[in-house]
Amino acid sequence: EAGVAQSPRYKIIEKRQSVAFWCNPISGHATLYWYQQILGQGPKLLIQFQNNGVVDDSQLPKDRFSAERLKGVDSTLKIQPAKLEDSAVYLCASSLVLAGTGELFFGEGSRLTVL
Amino acid sequence: KQEVTQIPAALSVPEGENLVLNCSFTDSAIYNLQWFRQDPGKGLTSLLLIQSSQREQTSGRLNASLDKSSGRSTLYIAASQPGDSATYLCAVREANDMRFGAGTRLTVKP
């Protein structure tokens, strides 16, 4: 079974530029998550989708971050314009079910460096 | 607001030693608790998932316990090996979110 796929693995940009990350979840997983992991910290949830609808985006900085999940499968996370503090690893995860008992499976992450 | 704490932040042990990693959480109203392993520059690999109704789960040399009432979980690693060196994170599942600890960085010396 293929895991969660993410790209690009690494990205270096200057502040005020834009960047986009892509995620393809495990086949059949209805729920998709984007997490931000700053060095030395645990991942923090940015946004959660159930199929192609947003379940929770309360921690997404909406002035600069946006995310979509078209057709309930792949998802894209965009940052525009980027700030220095956005340097982090962006992790995508998927789960078979929405709440409660579902196990989360993570991709390898996309490491962003903002100069 | 749920807070997840992992102690110690870093741990170094000689190969072959048995060890325990600790995780505590402030709100016992959780659905489950999951332990992950993270290698440098990599994503998270799920190790064990304990549902709220369970008290422990085992996989190979790993055993995880859950005491919801006291807000604690432990990950026991038996006969540690250099290949176990990684950061171990625990996460508690609430209704629509999973809250992570900052992790314990484990080094197993040959």
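As a reminder, the structure under discussion sits directly above these lines.
Here we summarise the structure given alongside this text. (Residues numbered from 1 in each chain as written. Chains lettered and ligands numbered in written order. Predicted model: local features only at pLDDT ≥ 70, side-chain atom pairs only at ≥ 80, totals over all residues. Heavy atoms only, no water.)

### Some remarks on the interface of chain A and chain B
- The interface of chain A with chain B comprises 26 residues on the first partner and 22 residues on the second.
- Interface area, chain A with chain B, both sides summed: about 1,800 Å², of which 45% is carbon and sulfur.
- Our count for the chain A to chain B interface comes out at 1 salt bridge.
- Summed over the shared surface of chain A and chain B, the number is 6 residue pairs in polar contact (both at pLDDT 80 or more).
- For the side of chain A that touches chain B, the secondary structure elements donating two or more residues are strand 4 (31-37), strand 5 (44-50) and strand 6 (53-56) of chain A.
- In terms of residue count, the dominant contributor to the side of chain A that touches chain B is strand 4 of chain A (3 residues).
- A class-by-class count of the residues in the side of chain A that touches chain B yields 11 nonpolar, 10 polar and 5 charged. (Contact = heavy atoms within 4.5 Å. Buried area = accessible area lost by both parts, 1.4 Å probe. Salt bridge = Lys/Arg side-chain N within 4 Å of Asp/Glu carboxyl O. Polar contact = N/O pair within 3.5 Å; in protein donor to acceptor, adjacent residues only side chain to side chain. Helix = DSSP H or I, 4+ residues; strand = E, 2+ residues; numbered from the N terminus. Nonpolar A, V, L, I, M, F, W, Y, C, P; charged D, E, K, R; others polar.)

### Side note on the sheet that holds strand 7 (residues 65-68) of chain A
Residue and element names in this part refer to chain A.
- Across the sheet, 4 strands lie side by side as 1-3-8-7; this open sheet has antiparallel pairing. A strand with exactly one partner marks an edge of an open sheet, and here the two such strands are strand 1 (5-7) and strand 7. When the angles between neighbouring strand axes are averaged without regard to direction, this sheet yields 15 degrees.
- In this sheet, strand 3 (residues 19-24) lies alongside strand 1 in antiparallel orientation, the contact comprising 3 bridges. If you follow Ser7 over to strand 3, its bridge partner there is Trp22. (Pairing = 2+ DSSP bridges. Axes fitted to C-alpha atoms, helices over the stretch in contact; angles between N-to-C directions.)

Geometric values such as these leave the question of function open.
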